[in-house]
Amino acid sequence: HPFTATLLSNVGSVWGELGDHRKAVGYHEQALQMEKVIYGQSAIHPGIAKSLNNLGLAWHRLNDCRKAINYHEQALQMWRGIYGTVHPDIATSLGNLGHAWRYLGDHRKANNYIVQALQMC
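Source: prediction; values computed, not measured.

Draft legend 1. Main features of the overall build of the protein. Helix and strand content of the protein: six helices and zero strands. In the protein, the succession of α and β elements from N to C terminus is α-α-α-α-α-α. For 121 residues, the compact-globule formula gives about 14 Å, and the C-alpha radius of gyration of the protein, at 14 Å, lands near that figure. Counting every position in the protein, which comprises 121 residues, the buried fraction comes to 39%. For the protein, the share of sequence-separated contacts (at least 6 apart) that also reach a separation of at least 24 residues comes to 50%. With an accessible surface of roughly 6800 Å², the protein has 54% of that area assigned to carbon and sulfur atoms. Here the protein contributes 11 positive and 8 negative side-chain charges, whose respective centroids are spaced 5 Å apart.

Draft legend 2. Structural context of unusual backbone geometry. Notably, Asn63 is not glycine yet its phi reads approximately 65°, a positive angle. Relative to the elements of secondary structure, Asn63 occurs in the loop between helix H3 (46–61) and helix H4 (65–83).

Draft legend 3. Structural context of H3. For H3, with 16 residues, the first-to-last C-alpha span of 23 Å sits near the 22 Å given by 1.5 Å per residue. Among the 16 residues of H3, 12 are classified as buried, and the element is accordingly described as predominantly covered. Inspection of H3 places Gly47, Ile48, Ala49, Ser51, Leu52, Asn53, Asn54, Leu55, Gly56, Ala58, Trp59 and His60 among the buried residues, and these make up the whole buried set. Buried residues along H3 sit against helix H1 (2–17), helix H2 (21–39), H4 and helix H5 (88–104). Of the residues one or two after H3, Asn63 is the one with positive phi, at around 65°.

Draft legend 4. Region of interest: the packing of aromatic side chains. Scanning the model with the defined rule gives one aromatic pair in all. Between Trp79 and Tyr83, the aromatic rings sit 5.7 Å apart at their centres with planes inclined by 15°, giving stacked as the arrangement. Within this pair, Trp79 and its partner Tyr83 are both found in helix H4, separated by four residues, close to a single helical turn. Exposure remark for Trp79: the relative accessible area of 7% places this residue in the buried category. Note on Tyr83: relative accessible area 33%, which makes it partly exposed. Residue placement shows Lys109 over the ring face of Trp101; its charged tip is 4.1 Å from the ring centre.

Definitions and limits used
Residues numbered from 1 in each chain as written. Predicted model: local features only at pLDDT ≥ 70, side-chain atom pairs only at ≥ 80, totals over all residues. Heavy atoms only, no water. Helix = DSSP H or I, 4+ residues; strand = E, 2+ residues; numbered from the N terminus. Rg over C-alpha atoms; globule rule 2.2 N^0.38 Å. Buried < 20%, exposed > 50% of the residue type's maximum accessible area, 1.4 Å probe, protein only. Contact = heavy atoms within 4.5 Å. Areas by Shrake-Rupley, 256 points an atom, 1.4 Å probe, with all protein chains shown as cover. Lys, Arg positive; Asp, Glu negative; His and termini not counted. Charge placed at Lys NZ, Arg CZ, Asp CG, Glu CD. Expected span 1.5 Å × (residues − 1). Phe/Tyr/Trp six-rings, centres within 6.5 Å; stacked < 30°, edge-to-face > 60°. Lys NZ or Arg CZ within 6 Å of the ring centre and 35° of its normal.

Right, dumping it as structure tokens:
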């Protein structure tokens, strides 16, 4: 049920806020898998995009920015499929990508993503 996926996501977010990012990843992965069962493996849906974003944030907090970037790129692609080219959720994903690339030391890529996010504000 979609509400169960939302609850799993919420539990993951709380674990992240409590500093247990491994548990956060586990709950966000469960939410993502449930959403894919509910909406379809290749569906474009805001709940799926949010779970992808949450996984990106959790992996970043675990210092695995390569995984974070992978999830943030998937979220960005999904948000663009839902909203087109300009939306706050797209700007958020761009900012998250910029932050991850900055952490990895690629300041050109970081700046590119952050400037794109800023242009939407």
